[in-house]
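Residue strings, one per chain:
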Amino acid sequence: MPVFAQIQFQLFPERASTTAERVDALFFFLTAVTGVMGLLVTTLIIYFAVKYRRRSEHDRTPRILGSLRLELIWTIGPFIIFLIMFVWGASVYLAIAQTPDDAIEIYVVGKQWMWKVQHLDGQREINELHVPVGRRVKLTLTSEDVIHSFFVPAFRTKIDAVPGRYVQTWFEATKTGRFHLFCAEYCGTYHSGMIGSVHVLEEEEYHAWLDRRAEGSPALEGRKLFLKLQCVSCHTGDAQGRAPSLEGLFGRTVVLQDGRRVTADASYIRRSILRPQADVVAGWQPIMPSYDRLLADEKEGLGQEEAIIRLIAYIRSLDRDQTPVRTEDFPPPEVNPATSDKMTR
Amino acid sequence: MSTVLEHVPQAVPPPAQPQVHYLNVAFGVRSWLLTTDHKRIALLYLVSVTLMFFIGGAAATLIRLHLMTPNQAPGSGLLTADNYNRMFTMHGLIMIFFFLVPVIPAVLGNFFLPMMIGARDLAFPRLNLLSWYVYVSGAVITFWAMLRGGTDTGWTFYTPFSTKASHSLVVPVLIGLTIAGFSSLFTGLNFVVTVHLMRAPGLTWFRLPLFVWSLYATSVIILLATPVLAMALVLVAVERLWGVGIFDPALGGDPLLFQHLFWFYSHPAVYIMVLPGMGVVSEVITCFARKNIFGYTFVAFASIGIAVLGFLVWAHHMFLAGMSVYASLVFSALSYFVAVPSAIKVFNWTATLYKGSVWLQTPLLFALGFIGLFTIGGMTGLFLAAVGLDVHVHDTYFVVAHFHFIMVGGTVMAYMAGLHYWWPKMSGRMYPEGWGKLAALIVFVGFILTFLPQFVLGYLGMPRRYASYVPEFQVLNVMSSAGASILAVGYVLPLVYLIWSLGYGKKAGPNPWGATGLEWQTPSPPPPENFAVTPVVDRGPYEYASSGEIEVIGGGVPEQAAQAAVQEESHGR
């Protein structure tokens, strides 16, 4: 095998998102300013070292102790320059941190050592991500095991996928093509193998891809889980239920037993599934068991976090009077749902 | 605007060469292993940290050899993925905890802090010896664990990877590091007490050499930050051994809590590593420019400012970790504040050269190398502190290059400067000047060639801790490895000629550089009690000028007010 399979050499990364332009502008500004400052210091040092080089052991040197004025200049001067850098950096960051509402939503789960992606329309992919060009795409990420970091250099996008919580970021691709996807947070043996590709497609191509690959959407898959796990036995959606109705829950403010008011967002629902006793809704008994470690389905290759994402998608889609009846499709489990082989569809 | 000082510095008359010095006062293994002489303990540390440096360097060599090829095919490359991960973990742990943190305080500080303040020893000589034993115990346990397979968590031990996913000897390594942490606590405590209580008569705070100021600031950071690291590491061990939910969200813990605790130590630790180096550079620049330091009080208080502000910036390692947007902005702003005192130091060192008599000997070459590389390292830190830009370069080779410029380009260059500067005092022999200059040049060039390509790699998007990479990163990786081979020569060379000089070097005499510090006012090597007569200090530390007249440049002489206050204080005693 030749040492260099093919010589590929690059000095600057491709720029393929709206964020990339903003980040690069900041990078060039910083490079220019620090370049001038560095050159100034280097030139002065070399100039002084040559001009005032020792000529004999008996060189006479003056007694210069300092200068308040110069100290103030080189304290306040850099400080002002640094403030400009801070403000610019903060403005770029705020644009990245504020996720838009009108974006395509995609869920990403990191696990050792792969990226599992779920589109709302039903597509699922591993270590690949297909997105349309010129559209904002919002990613919601979490991790099944340890911390990973979702990094697309061409988009200048990176965010840690932290187990136990949801994080969000967004991007808008500006050119079509295939771009590297890396895991940037060290996650164990094959950390450097946890890489893939982001495919940016033209809008029509993207839709063709969506149709070609369509399977069940996360909401539909979540509905199956909702029935399979017998959530519906208690969350019946009518007055007879032993647990609160989930219809229209998403985004509403919920009053808890201890008087706290929380917004029923994705993190709240996730917490309520894994640790139901933590946030008991006012007026209800704390009878729900924890579903921690009962959600994954190894035969299906379904991780716990992916299952939760599906359940959240389903609860989010659940409107008035849409709660299914418990006899529909899925018989009650004979044994512990997490271990039963008969639970496959 | 000008005053005339009574004392015009003169070349110090060499005292008669003593019969007895700290090296020949006693012989035998016991006389070394049970010594409480700070100078002998410094040499024990010198041997230990040098050993650690070359072990860590061997790991770095394997890393750079491995990264010559992309290794994307399974099983290709010099090391397996697991071994690569263990190798960079070992490199980081050994270099940081067993070399960079102790190197300047425990070797140069131990030897010269008492001498620079005119004391016979540190305040607690036996604690000083204990600190070496604790260091060695920590190193032996850590090294044993590494030989038995090591750990693959990275030096950062991020949870929940370190507590549940890593299949390696995490706990033994944690124990080794926690023990080693106590060694720096002992040294820090010793330094703080010594500086407060054991200064020679007339040696007021504003007559202290800047190396002493920087060691003092460093010791304060060590005392305040190291316990937090010890706690964090113990908590990791507790969760890993007994499954107590502290950091793992599956057990109800919070992984970000670990990052907060870890960086609360590990960011100040950066200043533990670099502040002593800044002190060395202040000593070397003044001596080889034959000048007072420009802006003494500003340089001294910049050390204190760095020590204080350094505690307020830890979460700039966590901008992408899921912290709140506003927390990120606050830590970004604070990170820019801490850059100001570093900039002040660089400008003052530069101004010190002005109108000097610049003697380009090896120590000054290393010190100027420090300024250049530290400036690049510091300025690339400004890139990382800009949150919007950090999103792209975080956890890439940009960060790797940045902290190597600070740690290796900064601390190691300063250590080499200090080692060459004080070698005649420590050994009584001169090192070969020509070889020294050559080594300084090789280290500087090799360093730039190794780490400059890594900035480019980082901006291209190569993540750190990657055992394999996509082919378009190969050319820059080969360049970096080639530079590392040059750097390695630059580090082996001083090892050879410094050992050679012990037997064959020219006899040094008490003050070969004509320096003003108290440590030069006694024979080389120094007698066991350092000074035959306790010195009395009646002037500032860097009175190299041939005239007593103060020359004013730039307007405003900040030192005058301070000196007047100091003189009043010393008259009042």
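1. Quick word on the overall build of chain A
Within chain A, the regular secondary structure consists of six helices and twelve strands. The C-alpha atoms of chain A give a radius of gyration of 28 Å, which is well past the 20 Å a tight globule of 345 residues would have. Viewed in the frame of its principal axes, chain A has a C-alpha envelope of about 100 × 60 × 35 Å. Here chain A holds 345 residues, and the buried ones make up 36% of them. Taking all contacts inside chain A whose residues are at least 6 apart in sequence as the whole, residues at least 24 apart take part in 68%.

2. Quick look at the overall build of chain B
Tallying secondary structure elements over chain B gives 16 helices and zero strands in all. What you see for chain B is a C-alpha radius of gyration of 24 Å, in line with the 25 Å of a compact globule of 573 residues. Reported as C-alpha extents along the three principal axes, the dimensions of chain B are approximately 70 × 55 × 45 Å. Counting every position in chain B, which comprises 573 residues, the buried fraction comes to 61%. A sequence separation of at least 24 residues applies to 86% of the contacts in chain B between residues at least 6 apart.

3. Quick look at the sheet that holds strand β6 (residues 148-152) of chain A
Residue and element names in this part refer to chain A. Taken in spatial order, the five strands make up an open sheet running β4-β10-β9-β6-β7, and their pairing is mixed. One side of each edge strand has no neighbouring strand; the edge strands of this open sheet are β4 (128-132) and β7 (157-161). On average, each strand axis in the sheet is inclined to that of its neighbour by 20 degrees, with strand direction left out of account. With five bridges joining them, strand β9 (residues 177-183) and strand β10 (residues 196-201) adopt antiparallel strand pairing. Paired with Gly-177 across the two strands is Val-200, which belongs to β10.

4. Focus: the interface of chain A and chain B
Each partner contributes residues to the interface: chain A has 82 residues there, and chain B has 91 residues. Of all the elements, helix α2 (residues 68-97) of chain A adds the most residues to the side of chain A that touches chain B, at 19 residues. In terms of residue class, the side of chain A that touches chain B is built from 49 nonpolar, 20 polar and 13 charged.

5. Focus on the packing of helix α5 (residues 266-274) of chain A against helix α6 (residues 304-317) of chain A
Residue and element names in this part refer to chain A. Running from amino to carboxyl end, α5 crosses α6 at an angle of 120 degrees, the nearest separation of the two axes being 10 Å. As far as their axial angle goes, α6 and α5 are oblique. For the pair α5 and α6, the sense of crossing is right-handed. Residue-level inspection shows Ala-266, Ile-269, Arg-270 and Ile-273 of α5 in contact with α6, the latter providing Ile-308, Leu-311, Ile-312 and Ile-315. When the residues that make up the contact of α5 with α6 are grouped by side-chain class, the tally is seven nonpolar, no polar and one charged.

6. Looking at the pairing of strand β2 (residues 114-119) of chain A
Residues and elements named next belong to chain A. Within β2, five of the six residues are buried, which leaves the element mostly enclosed by the surrounding structure. From the end of strand β1 (residues 104-111) to the start of β2, which pair antiparallel, there are two residues. Both β2 and strand β3 (residues 124-126) contribute to a ladder of three bridges, which runs antiparallel. Looking across to β3, one finds that Lys-116 is bridged to Ile-126. Linking β2 back to β3 in an antiparallel pair, the connection comprises four residues, with Gly-122 at a positive phi of about 115 degrees.

7. Brief notes about the sheet that holds strand β5 (residues 136-143) of chain A
Residues and elements named next belong to chain A. The five strands lie next to each other as β3-β2-β1-β5-β8, forming an open sheet whose pairing is mixed. Sheet topology places β3 and β8 (167-172) at the edges, where each strand pairs with a single neighbour. Strand-to-strand twist of the sheet, defined as the mean angle between neighbouring strand axes without regard to direction, takes the value 25 degrees. Taken together, the seven bridges between β1 and β5 define a ladder with parallel strand orientation. Residue Ile-104 lies in a different strand from β5, and its bridge partner there is Val-137. Strand contacts of α6: β1, β2 and β5, with the helix running at about 160 degrees to β1, the strand carrying the most contacts.

8. As for unusual backbone geometry
Residues and elements named next belong to chain B. That bond from Thr-159 to Pro-160 is cis: its omega, -5 degrees, falls within 30 degrees of zero. Among the structural elements, Pro-160 can be located in the loop between α4 (125-147) and α5 (161-165). Unlike most non-glycine residues, Arg-465 shows phi in positive territory, near 60 degrees. Examined against the element boundaries, Arg-465 turns out to sit in the loop between α14 (433-460) and α15 (474-504). In this structure Arg-465 comes out as buried when scored by C-beta crowding, with 22 C-beta atoms within 10 Å.

9. Focus on helix α10 (residues 325-353) of chain B
Spacing of three or four residues puts side chains on the same side of an α-helix, whose turn is 3.6 residues. All names here are of chain B. For α10, built from 29 residues, the straight-helix expectation of 42 Å at 1.5 Å per residue is met to within 8% by its first-to-last C-alpha distance of 44 Å. With respect to burial, α10 is a largely interior element, 21 of its 29 residues being buried. One or two steps after α10, the chain reaches Lys-355, where phi turns positive at roughly 60 degrees.

10. Quick word on α5 of chain A
Within α5 of chain A the residues assigned to the buried category are Ala-266, Ser-272, Ile-273 and Leu-274 of chain A. Buried residues along α5 of chain A sit in contact with β5 and α6 of chain A.

11. Some details on the confidence of the model for chain B
Any segment with low pLDDT has predicted coordinates that should not be analysed in fine detail. Residue and element names in this part refer to chain B. For chain B, the mean per-residue pLDDT works out to 91, and 93% of the residues sit at or above 70. Residue range residues 1-6 is modelled with pLDDT below 50. Its contacts to residues more than four positions away, or to other chains, number nine contacts. Interface confidence for the predicted complex, given as ipTM, is 0.90, next to a pTM of 0.88.

12. Considering the environment of Ala-60 of chain B
Residue and element names in this part refer to chain B. Note that Ala-60 resides in helix α2 (residues 38-66). On a C-alpha basis, the gap between Ala-60 and Met-95 in space is 9.8 Å, while along the polypeptide they are 35 residues apart. Once you skip the residues sitting within four places of it in the chain, Ala-60 turns out to touch His-91 and Ala-484.

13. Let's talk about the environment of Thr-176 of chain A
Residue and element names in this part refer to chain A. In this fold, Thr-176 is placed in the loop between β8 and β9. Here the alpha-carbon distance between Thr-176 and Val-131, two residues 45 residues apart in the chain, equals 9.3 Å. Residue contacts for Thr-176: discarding those within four places in its chain leaves Val-133, Val-200, Leu-201 and Glu-202.

14. Description of the packing of helix α3 (residues 81-116) of chain B against helix α8 (residues 255-289) of chain B
All names here are of chain B. Look at α3 against α8: their axes get within 8 Å of each other, and the N-to-C directions meet at 35 degrees. As for the relative orientation of α3 and α8, their crossing is left-handed in sense. Across from Leu-100, Val-101, Ile-104, Pro-105, Leu-108 and Gly-109 in α3, the residues of α8 making contact are Ala-269, Ile-272, Met-273, Pro-276, Gly-277 and Val-280. Across the contact of α3 with α8, the residue classes tally to ten nonpolar, two polar and no charged.

Each value, and the rule that gives it
- Residue positions are given per chain, counted from 1 along the sequence in the order it is written.
- Think of it this way: whatever chain is written first is A, whatever ligand is written first is 1, and the rest follow in order.
- The model is predicted, so local features are restricted to residues of pLDDT at least 70 and side-chain atom pairs to those at 80 or more, both for listing and for counting; the totals for chains, interfaces and linings are taken over all residues.
- Strands here are runs of E lasting at least two residues and helices are runs of H or I lasting at least four, both read from the DSSP assignment and numbered beginning at the N terminus.
- Radius of gyration here is computed from C-alpha atoms only, and the compact-globule reference equals 2.2 Å multiplied by the residue count raised to the power 0.38.
- Three exposure classes are used. Buried residues have 20 or more other C-beta atoms within 10 Å of their own C-beta, exposed residues have 12 or fewer, and partly exposed residues fall in between, all C-beta atoms being placed from the backbone.
- Two residues form a contact once the distance between their C-beta atoms, set from the backbone, is within 7 Å.
- Any two strands with at least two DSSP-identified bridges between them are counted as paired.
- Orientation is described by lines fitted to C-alpha atoms, with helices fitted over the stretch in contact, and by angles between N-to-C directions that extend from 0 to 180 degrees.
- Residue type decides the class: Asp, Glu, Lys and Arg count as charged, Ala, Val, Leu, Ile, Met, Phe, Trp, Tyr, Cys and Pro as nonpolar, and the leftover types, Gly among them, as polar.
- Roughly parallel here means an angle under 35 degrees, roughly antiparallel means over 145, roughly perpendicular means 65 to 115, and every remaining angle is called oblique.
- Each crossing gets its handedness from the near helix: less than a right angle anticlockwise from the far helix is left-handed, clockwise is right-handed.
- Every helix has an expected span of 1.5 Å times one less than the residues it contains.
- Scored from 0 to 100, pLDDT records how confident the predictor is in each individual residue.

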